[in-house]
Amino acid sequence: MTFNPALIRRDFPILGRTVRDGKKLIYLDSGATSQKPQVVIDAEASFYEFHNAAVHRGVYQLSEEADALFEGARARVAKFINVGIEEVIFTKSATESLNAIAYAMGNAEVGNRFHLGKGDGIVVTEMEHHSNLVPWQELSRRSGAVLSWFEVTSQGRLDLSRINEVITKSTKVVALTHQSNVLGTVNPLEAIVARAHEVGAVVVLDACQSAPHMPLDAQKLGVDFIVFSGHKMAGPTGVGVLWGRMELLTELPPFLYGGSMIESVTMEKSTYALPPAKFEAGVPNMAQVVGLGAAIEYLMAIGMKNIHDYEMELTAYGLEILKKIDTLKIVGPEDMLNRGSALSFTISDIHPHDLGQFLDSQGIAVRSGHHCAWPLARKLKAPASTRASLYFYNEKSELDALAEGIIAAQKYFSRF
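Residues numbered from 1 in each chain as written. Predicted model: local features only at pLDDT ≥ 70, side-chain atom pairs only at ≥ 80, totals over all residues. Heavy atoms only, no water.

Undergrad: Go over the environment of Ala108 with me, naming the residues and quoting the values.
TA: Counting through the fold element by element, Ala108 comes out in the loop between helix H4 (94–107) and strand E5 (121–125). The exposure class assigned to Ala108 is buried, which follows from its relative accessible area of 6%. Once the C-alpha coordinates of Ala108 and Leu160 are considered, the two residues, 52 residues apart in sequence, prove to be 30 Å apart. Apart from residues lying up to four places away in sequence, Ala108 is in contact with Phe114, His115 and Pro253. (Helix = DSSP H or I, 4+ residues; strand = E, 2+ residues; numbered from the N terminus. Buried < 20%, exposed > 50% of the residue type's maximum accessible area, 1.4 Å probe, protein only. Contact = heavy atoms within 4.5 Å.)

See the structure below:
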């Protein structure tokens, strides 16, 4: 598929609609959820229309078709991140994936490599989304393990100067985001992964903000678990991915119990199936998984490198024009070094919620608030900010409209 933003936009029906009394929709909130191309909408609808049956449960034709579509999506995910098919687990969201890992570790008995107790350590960072912070806080509380973290510098990057003091011999798990949903910062994984593995810790990577935007190769990254969500990468809501190395998934206890995840059951006890079935209790979100498979096929046809290169061009342009606006302050890195396509900022004398509402009146959809990252907002002394998060269907003209909308808001609120 040739990369042509104007043609790509035609694949997304919602981008052709108008809002607020006929204004063209300018959607700059893909960090929260992306829009969906017609092929994904069609794939999900087609499943219900022609193939709806509970997967892995029947021997009739509809069930066989559902199985093939469901497992075909698993194969696409595996190819997308370069892992074994049996290592790909479907959940309802990345949040569930992260909770699943933390909860399963909390279920691990003494002698299991994932068992945590007093004296053990869990490491996170100050820039984590709540979904990759709160589950580890809870695991710390329940297990007695000590929670520690990497701090964030004033430039919005991780401070690794004390890496050997943060990740110690007692550390059992290091959980961090690949790319910050607020700052756009892409974290330097190599040193963190090397230190974690040096002390025998596993690394859990939140790839929600990177999987949709750049090539993602689990083998090259060297991490032990990866999670991401379908709805941020042109796929449906209600489906997430959890990947883990097979040797780790084999030892990790289940976190949900019920049908389809068992090997055998008696009235006294049960034994569990091998991954991925071990972690997929109950009837899964089948149509959503099929839709995710269609989204990944669509993204791979365009090319993740093409998507990333184009987004970097867009982001550089956005930074350039935003930094020219009086009293606007970028929250996060102001250059393109190890940076993604989230552009967060504050405007003197205009609250982000007010700015967001004003931009909405111009047809521009942005995010306002703490972006589910309160500790980061406090650290950077920006309790709330406005975020424009870009995707490959955005255009430079939309960033021009954003800048014009901000300047118009400054004029409007200066009257009060």
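Undergrad: Tell me about the pairing of strand E17 (residues 385–389), and name the residues and values.
TA: In terms of burial, E17 is a largely internal element, 5 of the 5 residues being buried. What you see with E17 is no split at all: Ser385, Arg387 and Ser389 on one side and Thr386 and Ala388 on the other are buried throughout. In the sheet, strand E14 (residues 342–347) pairs with E17 via 4 bridges, with the strands oriented antiparallel. Paired with Leu343 across the bridge in E17 is Ala388. Examined bridge by bridge, strand E16 (residues 367–369) and E17 share 3 bridges and lie antiparallel to one another. By the bridge assignment, Arg367 is partnered in E17 with Arg387. (Pairing = 2+ DSSP bridges.)

Undergrad: Describe the packing of aromatic side chains, and please don't skip the residues or the numbers.
TA: Tallying each qualifying case throughout the model produces 17 aromatic pairs. Consider the rings of Phe80 and Phe228, whose centres lie 6.5 Å apart with planes at 55 degrees: the pair is tilted. On the criterion of sequence distance, the pair formed by Phe80 in helix H3 (residues 61–81) and Phe228 in strand E9 (residues 225–229) is long-range, its members being 148 residues apart. By relative accessible area, which is 8% here, Phe80 ends up buried. With relative accessibility at 0%, the residue Phe228 sits in the buried group. Above the ring of Phe114, the side-chain terminus of Arg113 is found at 5.5 Å from the ring centroid. The lysine or arginine in question, Lys396, covers the ring of Tyr317, its NZ or CZ lying 5.3 Å from the ring centre. (Phe/Tyr/Trp six-rings, centres within 6.5 Å; stacked < 30°, edge-to-face > 60°. Lys NZ or Arg CZ within 6 Å of the ring centre and 35° of its normal.)

Undergrad: Give a detailed account of the environment of His231, specifying residues and quantitative values.
TA: With respect to the helices and strands, the residue His231 is situated in the loop between E9 and strand E10 (240–244). Note: C-alpha distance between His231 and Leu292 (61 residues apart in sequence) is 8.2 Å. Those residues in contact with His231, other than ones at most four positions away along the chain, are Ala32, Thr33, Ser34, Lys36, Pro236 and Thr237. One polar contact links the side chain of His231 to the main-chain carbonyl oxygen of Ala32, over a distance of 3.5 Å. (Polar contact = N/O pair within 3.5 Å; in protein donor to acceptor, adjacent residues only side chain to side chain.)

Undergrad: Give a description of H4 that names residues and reports values.
TA: When the terminal C-alpha atoms of H4 are compared, their 20 Å separation across 14 residues agrees well with the 20 Å that a helix rising 1.5 Å per residue should span. Among all positions in H4, only Ala94, Glu96, Ser97, Leu98, Ala100, Ile101, Ala102, Ala104 and Met105 are buried. Looking at the packing, one finds that the buried side of H4 touches strand E4 (88–91), helix H5 (134–143), strand E7 (171–177), strand E8 (202–206), E9 and E10. (Expected span 1.5 Å × (residues − 1).)

Undergrad: Describe in detail the sheet that holds strand E13 (residues 328–331), supporting the description with residues and values.
TA: Two orientations exist for strands paired in a sheet by backbone hydrogen bonds: parallel and antiparallel. Reading across from one edge, E13-E14-E17-E16 is the order of the 4 strands in this open sheet, with antiparallel pairing throughout. Of all the strands in the sheet, the pair left with one neighbour each is E13 and E16. The sheet shows a mean angle of 30 degrees between the axes of neighbouring strands, direction not considered. (Axes fitted to C-alpha atoms, helices over the stretch in contact; angles between N-to-C directions.)

Undergrad: Account for the pairing of E14, with residues named and values stated.
TA: Two faces, one strand: in a regular strand the side chains alternate between the faces of the sheet. Extensive coverage of E14 is indicated by the burial of 6 of its 6 residues. Across 4 bridges, the pairing between E13 and E14 is antiparallel. From the neighbouring strand, Ile330 faces E14, where its bridge partner is Phe345.

Undergrad: Help me get a handle on the packing of helix H11 (residues 304–322) against helix H14 (residues 396–413), residues and values and all.
TA: Packed helix pairs are specified by the crossing angle of their axes together with the interaxial distance, meaning the distance between the axes. Their axes nearest at 10 Å, the elements H11 and H14 cross at an angle of 20 degrees. By the angle between their directions, the pair H11 and H14 is classed as roughly parallel. Here H11 runs over H14; the crossing is right-handed. Within the contact between the two elements, H11 uses Glu313, Leu314, Tyr317, Gly318, Ile321 and Leu322 and H14 uses Lys396, Leu399, Asp400, Leu402, Ala403 and Ile406. Its residues assigned to classes, the contact of H11 with H14 comprises 8 nonpolar, 1 polar and 3 charged. (Parallel < 35°, antiparallel > 145°, perpendicular 65-115°, else oblique. Left-handed = near helix turned anticlockwise from the far one by under 90°. Nonpolar A, V, L, I, M, F, W, Y, C, P; charged D, E, K, R; others polar.)

Undergrad: Summarise a nonpolar patch on the surface; cite the residues concerned and give the values.
TA: Taken together, Tyr257, Ile262, Val265 and Tyr272 make up a surface patch of nonpolar side chains, about 370 Å² in accessible area. Mapped onto the elements, Val265 comes out in strand E11 (residues 262–265). Judged by its relative accessible area of 52%, Val265 is exposed. (Patch = residues over 30% accessible without salt bridge, like charges linked within 9 Å, V, L, I, M, F, W, Y side chains within 5 Å. Areas by Shrake-Rupley, 256 points an atom, 1.4 Å probe, with all protein chains shown as cover. Salt bridge = Lys/Arg side-chain N within 4 Å of Asp/Glu carboxyl O.)

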